[in-house]
Every structure is written in structure tokens, then in C-alpha cells.
Amino acid sequence: MRNLLGLALVTALLAVGCALINPSLSGQIPADGPSAVMAELHKDDVPIASPAAKDVASNAVTTEEVTYGTLDGIPFNGYLAKPADVSSPLPGLIVIQEWWGLNDNIRTMTRRLAAEGYTALAVDLNDGEVAENRDQAKTLVQAAIQNSERLTQNVVAAYGYLTDEQQSPTVGTIGWCVGGTWSLNTALALPTELDATVIYYGGQISTDPATLEPLQMPIQGHFGALDSSPSPETVQAFEPALTDLGKETEIYVYDGANHAFANPSGTRYIAEAADLAWQRTTAFLKQHLQGDS
């Protein structure tokens, strides 16, 4: 059953903005808001694949474009990947894009996650729009902020699709950048339903105990020490806010890494940090979604 309080809460969170930085720095947010903060973070970045990008063998997974829900007659379309030659239900993953959209990098990450033993559904928060440069991405993020209820219904529909259509016995979330924010937002919308949440440098990280208290799933976070969205100070407050509430939490901060350090299709990629984060991510998901310790 959908948690209506969670839905209202996550909508309010997005209204604050997906890239809100430490409140002490709020006076530095430009007039056009969180999308401008994200644009500044990505001012030297472009979504171009590099030789560091990894993919699975073409016969390792099966993929398809799927419709996983609708709102007001407009469908939610996404990219579904599963391990090849597996017919039984598998744990599900809601895979959430960076600010560029559901591009080739996110599709590659979805295939990599599927190869680890999951039914991985990459949601599309931009309804088919993919940015090729910073200005386009900024426009898409701003539009998303102005339509936050659709984003909430999008991720909730993805959860329903995995549990109902795909019969996934457990479901987790993972996202990067804007998707890191929405990995947490999905957890807030489904605080007792999800089984694990992974956050990669999502800008909007609440440290409010009242906001975080409903969460019942284990949470893992990966952040860059040089990032400002969220800042190291916000991350340092986020971990004790969770642990003081008795939440199962793993928070990692990577020295020398900035925002988007795990994106091999961008200019901020740090291979050592990205590889370590991936190892930690797959171990965490295996433990909490597949039941392996």
C-alpha cells in the first residue's frame, strides 16, 4: 500500500530542490534555483562515453523498453534488464538517472546491475528527453522540479511494476546525482516497502530526524569529499542522523572525489573511487536483496 504521508513528504522535498546544498550556504544558490546549482557543478562536464565505461557481454542480459505505469494518460516508459536464461522472479532494482536523463550511461549501468542477479528497471524522469549538454540538462531538471508529483508517482509506479508484474520478492533503489536524490526520495515515499537504498552524491540529503525516522530499509551512501552538493558537512550530519535513529547505515566519503566521480561518461570520473564504490554497492545489494551475507 502506498504511504500517503511519504508521498506528500517527498513532494515537499523536491520543492526545496534536488540540488540544495548545506543550509549554511543557501545564500549562494542562484536566483533560478537548484537547477543552476547543478549546472555550476557540471560546468566543465559533458556526457561523452570514455574508455573507462564498462559493459556486460551482449549475451549476459536481456533488455527491453517497457511501460510501467501512467499518469493522466501519459505513460511512464523505462528500460528493463534481466540476466539471460533466468525464468524465476528476481530481486528488483529501481535505477534512477543522473541529471542528463536516461542516456547510454544509465542503460549500461542498468545492464551491469542486471548481470549481478536483478530485474533492473531504469526509470525515465524526463519522459523521453535526454540532455546532450549542460544547458539542456538544466532545463530538464528545472522542468522536473516544477512537476514533482509526477516524479513521485513515477517511482512509485516502478515499484508496483517490479512487485506486481515482475514478481520481485525484494526491491531496492539506486541513483546518481539527481537520481541519488530520488533514490532517497523513493525511500521516503515507500519507507516500509523498500528493502535497500543506495545513494550516489544526491544533492538533497535531509538530516532532519523527523523526516528520516519512518525509513525502515538499510541505506548506503557514496559521496565525494570535494563535492558541495551535498557538502561534506551535510554528509557528516546525515550519517549520525540515521544511526541515532537506529537505522542500518553505510556512508562512504571518497577523498579527492567530486560530484559525479562514478560516472565514466563524464569528465569528473575517478576510477579508483568508482571501482571501490561499485564493489561496496554490489555487496550491499547482495546482502539485503538476495539474502547473502
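Above: the structure in question.
Read on for an overview of the structure.

Criteria and thresholds
Each chain has its residues counted from 1, running along the sequence as written. Two thresholds apply to this predicted model, a pLDDT of at least 70 for residue-level local features and 80 or more for giving and counting side-chain atom pairs, whereas whole-chain, interface and lining totals are computed over all residues. The basis for the side-chain values is all heavy atoms of the structure; hydrogens and waters are excluded. Should a side-chain nitrogen of Lys or Arg be within 4 Å of a carboxyl oxygen of Asp or Glu, the pair is scored as a salt bridge. The helix count covers DSSP runs of H or I at least four residues long, the strand count covers runs of E at least two residues long, and both are numbered beginning at the N terminus. Relative accessibility thresholds used throughout: buried, under 20% of the residue-type maximum; exposed, over 50%; partly exposed, between the two (1.4 Å probe, protein chains only). Each axis is a line fitted through C-alpha atoms, and for a helix only the stretch in contact is used; angles between axes span 0 to 180 degrees, taken between their N-to-C directions. Any angle that falls under 35 degrees is termed roughly parallel, while one over 145 is termed roughly antiparallel, one within 65 to 115 roughly perpendicular, and all others oblique. In what follows, a contact means two residues having at least one pair of non-hydrogen atoms within 4.5 Å. Each residue is assigned to one class: nonpolar for Ala, Val, Leu, Ile, Met, Phe, Trp, Tyr, Cys and Pro, charged for Asp, Glu, Lys and Arg, and polar for all the others, Gly among them. For two strands to pair, DSSP has to find at least two bridges joining them. As used here, the term nonpolar core means buried Ala, Val, Leu, Ile, Met, Phe, Trp, Tyr and Cys residues forming a set that is joined through side-chain atoms within 4.5 Å.

Moving on, we get to the pattern of salt bridges. Note on pairing: side chains with opposite charge can pair once their charged atoms come close. With the rule as written, the count across this model stands at 4 salt bridges. When the shortest N-O distance is used, the salt bridge between Lys54 and Asp275 registers 3.3 Å. One end of the pair, Lys54, is in the loop between α2 (34-41) and β1 (61-71); the other, Asp275, is in helix α9 (residues 271-289), with 221 residues separating them in the sequence. Residue Lys54 is classed as partly exposed on the basis of its relative accessible area of 36%. Take Asp275: its relative accessible area is 31%, and that puts it in the partly exposed class. In this structure, Asp127 engages Arg150 in a salt bridge whose closest nitrogen and oxygen atoms are separated by 3.0 Å. On the criterion of sequence distance, the pair formed by Asp127 in the loop between β4 (119-122) and α4 (134-145) and Arg150 in helix α5 (residues 148-165) is long-range, its members being 23 residues apart. Look at Asp127 and you get partly exposed, because its relative accessible area is 41%.

What follows is about the packing of α5 against helix α6 (residues 178-189). A pair of packed helices is characterised by two quantities: the angle between their axes and the separation of those axes. It is at 10 Å that the axes of α5 and α6 come closest, and there the two elements cross at 75°. When the axes of α5 and α6 are compared, the pair comes out roughly perpendicular. In this structure, α5 contributes Ser148, Leu151, Thr152, Val155 and Val156 to the contact, and α6 contributes Trp182, Thr186 and Ala189. Across the contact of α5 with α6, the residue classes break down as 5 nonpolar, 3 polar and no charged.

Relative to strand β2 (residues 74-83), β1 runs antiparallel, the two sharing 10 bridges. Residue pairing in the sheet places Glu65 in a bridge with Tyr79 of β2. Relative to β4, β2 is paired through 3 bridges, and the arrangement is antiparallel. When the sheet's bridge partners are listed, Leu80 is paired in β4 with Leu121.

The biggest cluster of nonpolar side chains holds 82 residues, and the ones touching the most others in it are Val95, Trp99, Leu113, Leu121, Trp176, Leu215 and Leu285. Ranked by the residues each element gives to this core, the list is headed by α5, at 8 residues. Not counting chain neighbours up to four residues away, the residues in contact with Leu215 comprise Leu184, Ala187, Leu188, Pro191, Leu242 and Lys247.

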